[in-house]
Amino acid sequence: MTHRSYMEMEKRFKVYVYEEGNPPMVHDGPCKNKYTSEGRFIQEMEQAGKKKKSGFRTWDAHRAHVYFLPFSVTWMVKYLYMPLSHDLRSLQEFVGDYVRVVSTKYPFWNRTHGADHFMLSCHDWGPHASRGHAQLYNTSIRVLCNANSSEGFNPQKDVTLPEIHLYSGDIDPKLLSPPPHPAAPRPHLAFFAGGARGPIRSSVLRHWKDRGDTDIRVYEYLPGNLDYYTLMLESKFCLCPSGYEVATPRTVEAIYAECIPVILSENYVLPFSDVLRWEEFSVAVEVSDIGRLKEILMGVGEEKYLRLKEGLRAVRRHFVLNQPAQRFDAFHMVLHSVWLRRLNLRL
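Residues numbered from 1 in each chain as written. Predicted model: local features only at pLDDT ≥ 70, side-chain atom pairs only at ≥ 80, totals over all residues. Heavy atoms only, no water.

Draft legend 1. Structural context of the pattern of salt bridges. Tallying each qualifying case throughout the model produces 18 salt bridges. Linking Asp213 and Lys294 is a salt bridge whose minimum nitrogen-to-oxygen distance equals 3.1 Å. Remark: Lys294 occurs in helix α12 (residues 293-298) and Asp213 occurs in the loop between α9 (199-208) and β7 (216-219); sequence separation between them is 81 residues. On the basis of relative accessible area, Asp213 is assigned to the buried category, the value being 16%. On the accessibility criterion, Lys294 (25% relative accessible area) is partly exposed. Among the salt bridges present, the one from Lys236 reaches Glu302, with a minimum N-O distance of 3.9 Å. (Salt bridge = Lys/Arg side-chain N within 4 Å of Asp/Glu carboxyl O. Helix = DSSP H or I, 4+ residues; strand = E, 2+ residues; numbered from the N terminus. Buried < 20%, exposed > 50% of the residue type's maximum accessible area, 1.4 Å probe, protein only.)

Printed below as a string of structure tokens:
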């Protein structure tokens, strides 16, 4: 069903990108580091505009199924936000002004109250910025990394954007070609390295840091003689706890490393969960069971483990940002999720 829906999207789906606004805060975005997925999506839409060639982008707004608001919340934070002020009004005012401009100039917003419009942000403050216009927050499609269902994210209309952290703009060479055989030996049961950002990570560190357990390798600060991605490639499971916000780039890094992601989160709507069966390539553990992690992961039999590894290989392409975009990659999967919301269709 997903494949048929995707093929139908390729044939029919049209996106109109508003041309109002100037870079850097509109028509541009970060294409490396933590917020890569935000900038690369905007870039892909803009590159299609420069080439005047795209299977999805249309320059006839009357033919469009959806309308894209191409502002970058990450660049708003960089250029508008006053550090340490905790005052997000400048972001909300920019977003509100942008919506008012396009809704005044064109008829499309007002005929649906913004229901066929979408914004996209990977910044933690994307949801807060969207509060700059009530209809954008309540009615429009919001594509967000910070997909917290307890803080207003509505999976019936909103879309989860995978958080993809590419330090240089490309996948680290170590993760390009994981060990070729799914049964290649991995000496560590599980691995995590990261600071105590938020209660879930703090719980992981409290239970497993400095335990002297050689099966579960947990570090707050990774020693200089150890390599982060090497440890991922040497581990069967990679712990992916939420930080201050629900999303973490470790999930996609684990997929690249073919290290089974262990989802430790509350109220996180996983990326593409409307079409991907996450239980086929990840393990979800309740936050209350963090102290039982070793018991739970040791309980995953070899047959199931190998099946999860095969699942990772099957879904990897859906979490890759290609330049230019390729069929079924992260860019197209996001578009497909928007397409499904526009049709109000659940597969």
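Draft legend 2. Quick peek at the nonpolar core. Ranked by size, the top nonpolar core spans 117 residues in total, and within it Leu69, Phe71, Phe237 and Leu239 carry the most contacts. Ranked by residues supplied to this core, first place goes to helix α14 (residues 330-343) with 8 residues. If we skip the residues at most four places from it in the chain, Leu239 touches Ala190, Phe191, Phe192, Val204, Val218, Arg250, Val262, Leu264, Leu293 and Leu297. (Core = buried A, V, L, I, M, F, W, Y, C linked by side-chain atoms within 4.5 Å. Contact = heavy atoms within 4.5 Å.)

Draft legend 3. Focus on the sheet that holds strand β8 (residues 235-241). An order of β7-β6-β8-β9-β10 is seen for the 5 strands of this open sheet, with the pairing classed as parallel. With one partner strand each, in any of the chains shown, β7 and β10 (283-284) form the two edges of the open sheet. Here β8 pairs with strand β9 (residues 260-264) via 5 bridges, running parallel. Each bridged residue has a counterpart across the sheet, and for Phe237 the counterpart in β9 is Ile260. Along the sheet, α9 makes contact with β6 (188-193), β7, β8 and β9, crossing β7 at roughly 120°. (Pairing = 2+ DSSP bridges. Axes fitted to C-alpha atoms, helices over the stretch in contact; angles between N-to-C directions.)

Draft legend 4. Looking closely at the pairing of strand β3 (residues 117-121). In terms of burial, β3 is a largely internal element, 5 of the 5 residues being buried. Neither face of β3 is left uncovered, since the one carrying His117, Met119 and Ser121 and the one carrying Phe118 and Leu120 both have all their residues buried. Pairing of strand β2 (residues 66-68) with β3, which is carried by 2 bridges, proceeds in the parallel orientation. Considered in β3, the bridge of Tyr67 is made with His117. Sheet analysis places β3 next to strand β4 (residues 141-144), joined by 4 bridges and oriented parallel. Residue pairing for β4: Met119 is matched across the bridge by Arg142.

Draft legend 5. Main features of the sheet that holds strand β1 (residues 15-17). Judged by pairing direction, the sheet is parallel, and its 5 strands sit side by side in the order β1-β2-β3-β4-β5 without closing on themselves. The open sheet terminates on both sides in strands that have one partner only, identified here as β1 and β5 (159-160). Summarising the sheet, β1 and β2 pair through 3 bridges and their orientation is parallel. Within β2, the position partnered with Tyr16 by the bridge is Tyr67.

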